[in-house]
Amino acid sequence: MATLVYLPLTIFLLGSCVGSFLNVGIYRLPRGLSIISPRSFCPQCQTPIKPYDNIPLLSYFLLGGKCRNCQARFSWRYPFVEALTGGMALALFVKFGLSLTFFSTFALSAGLIVITFIDLDHRIIPDVISLPGIAIGFLLAFFDSLATVKDSLLGIIAGGGSLYVVALVYETLTKREGMGGGDVKLLAMIGAWLGWKAILFTLFFASLLGTLIGGMVMLIQKEGRHYAIPFGPFLAFSALAYVFFGPQLIAWYLNWGRF
Ligand SMILES: [Zn+2]
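Cut-offs applied
Residues numbered from 1 in each chain as written. Predicted model: local features only at pLDDT ≥ 70, side-chain atom pairs only at ≥ 80, totals over all residues. Heavy atoms only, no water. 1 Å grid on protein atoms, 1.4 Å probe; cavity = no way out; pocket = protein on both sides within 12 Å on 5 of 7 lines; lining within 4 Å. Points joined across faces, edges and corners; volume = space filled by probe spheres on them. Helix = DSSP H or I, 4+ residues; strand = E, 2+ residues; numbered from the N terminus. Nonpolar A, V, L, I, M, F, W, Y, C, P; charged D, E, K, R; others polar. Contact = heavy atoms within 4.5 Å. Polar contact = N/O pair within 3.5 Å; in protein donor to acceptor, adjacent residues only side chain to side chain. Donors = N, O, S within 2.8 Å, 3.2 Å for Na, K, Ca; no water. Tetrahedral: all angles 85-135°; square planar, octahedral: opposite > 155°, others 65-115°. Buried < 20%, exposed > 50% of the residue type's maximum accessible area, 1.4 Å probe, protein only. Lys, Arg positive; Asp, Glu negative; His and termini not counted. Salt bridge = Lys/Arg side-chain N within 4 Å of Asp/Glu carboxyl O. Axes fitted to C-alpha atoms, helices over the stretch in contact; angles between N-to-C directions. Parallel < 35°, antiparallel > 145°, perpendicular 65-115°, else oblique.

Peer 1: What is the right way to look at empty space enclosed by the protein in this model?
Peer 2: It is a probe the size of a water molecule, rolled over the atoms, that shows where empty space is left. Tallied over the full model, the rule gives 1 cavity of 30 Å³ or more. Volume-wise, the largest cavity comes out at about 50 Å³. What lines the largest cavity is Ser-104, Gly-137, Leu-140, Ala-141, Asp-144, Leu-146, Ala-147, Ala-192 and Trp-193. Secondary-structure elements contributing two or more residues to the lining of the largest cavity are helix 5 (127-140) and helix 7 (181-194). Residues that form the lining of the largest cavity fall into these classes: 6 nonpolar, 2 polar and 1 charged.

Peer 1: I'm lost on the environment of Thr-105 in this one. Help?
Peer 2: Examined against the element boundaries, Thr-105 turns out to sit in helix 4 (residues 100-122). Through-space distance from the C-alpha of Thr-105 to that of Ala-89 is 9.0 Å; in sequence the pair is 16 residues apart. If near-sequence neighbours (up to four positions away) are discounted, Thr-105 is found in contact with Leu-92, Phe-96, Leu-146 and Val-243. A distance of 2.6 Å separates the side chain of Thr-105 from the backbone oxygen of Thr-101, its partner in a polar contact.

Peer 1: It is not clear to me how the coordination of the zinc ion should be interpreted in this structure. Could you clarify?
Peer 2: Working reference: metal with six octahedral donors, ideal angles 90 or 180 degrees; metal with four tetrahedral donors, ideal angle 109.5 degrees. Ligation of the zinc ion by protein atoms is provided by Cys-42 (SG), Cys-45 (SG), Cys-67 (SG) and Cys-70 (SG), these donors lying 2.3 Å from the ion. Classification of the site at the zinc ion rests on its 4 donor atoms, whose angles at the metal span 104 to 114°, yielding the label tetrahedral. Mapping the donors of the zinc ion onto the primary sequence yields the spacing C-x2-C-x21-C-x2-C. Within this pair, whereas Cys-45 is found in the loop between helix 1 (2-28) and helix 2 (58-62), its partner Cys-70 is found in the loop between helix 2 and helix 3 (77-96), the two being separated by 25 residues in sequence. The partly exposed category is assigned to Cys-45, whose relative accessible area is 25%.

Peer 1: What is the right way to read the layout of surface pockets from this model?
Peer 2: Size it by volume and the second largest pocket reaches roughly 550 Å³. Lining the second largest pocket we find 28 residues, and of these Ser-40, Phe-41, Ile-49, Asn-54 and Phe-74 sit closest to its centre. Looking at the lining of the second largest pocket residue by residue, the classes come out as 14 nonpolar, 8 polar and 6 charged.

Peer 1: What is the right way to look at the side chain of Asp-119 in this model?
Peer 2: Turning to its location among the elements, Asp-119 is positioned in helix 4. The buried charged residue Asp-119 lacks any salt bridge partner; its closest oppositely charged side chain belongs to Arg-123, at an N-O distance of 5.4 Å. Among all residues touching Asp-119, those that are not within four sequence positions of it are Ile-124, Ile-125, Asp-183, Pro-230, Phe-231, Gly-232 and Pro-233.

Peer 1: Help me understand the packing of helix 3 against helix 9 (residues 232-254) in this model?
Peer 2: If you want to describe how two helices pack, look at the angle between their axes and the distance between the axes. In contact at an axis separation of 11 Å, helix 3 and helix 9 are set at 30° when each is read in the N-to-C sense. Relative to helix 9, helix 3 is oriented roughly parallel. Taking contact as the criterion, the partners of Met-88, Ala-91, Leu-92, Lys-95 and Phe-96 in helix 3 are, on helix 9, Leu-240, Val-243 and Phe-244.

Peer 1: When you look at the environment of Ile-49 in this model, what are you seeing that I'm missing?
Peer 2: As for its placement among the helices and strands, Ile-49 is situated in the loop between helix 1 and helix 2. On the basis of relative accessible area, Ile-49 is assigned to the buried category, the value being 18%. C-alpha separation for the pair Ile-49 and Arg-39, spaced 10 residues apart in sequence, amounts to 7.3 Å.

So, to be careful, I would describe these as geometric facts and stop short of saying anything about function.
Listed below in structure tokens is the structure:
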């Protein structure tokens, strides 16, 4: 009986440890810093963070969200990403059990979480995640049941191709660069991992969300009409929605007309 509680709890805690590492990636990758060394340091006073002050979730609250040395406030984003990654691990465990699919979807989620926050902060999607992501997703298709090898290959082509065409049309019509090349590579990565059906869903759902939320942002701040909301987070969110609810969502959409 005990494992009923301990295993999920362990999964959540291990997930939040991964989240702690993702925070390092989110901060360092766009700045061109190594993600391995040096050890985590306070962005304000550069003091290395002691291992006992680097416990996921717990340390942030024990220290009141401040640096032990200089009292600089740490962003709430750090514990948020840790909790999010832990929660994602737990949700995937509940959905897939301790299977290869669990590990592969968790790796995909980790990549998507890093991409989301880097895109929000810097408006870029680093190639160092998306390009290896395409290769790893394709390799996993040989072993994992998420997408067949054929579906994965078609997913890469559909993901890379479709957004490229949309971006090209948009640029020709508006003479403005709307979607970055990073989005194209991200969608190819999602296609590699989840197959071409996921691309249709992800593109549709992300555009819907992007239009709704983008429209709301435009209404709120009238001056910044050309404020470009990054599209990556919508693509990432939609891909994860597909992992959890894809088949049901597609069935719901196809049956929509019959209600
Ligand atoms: Zn400090």
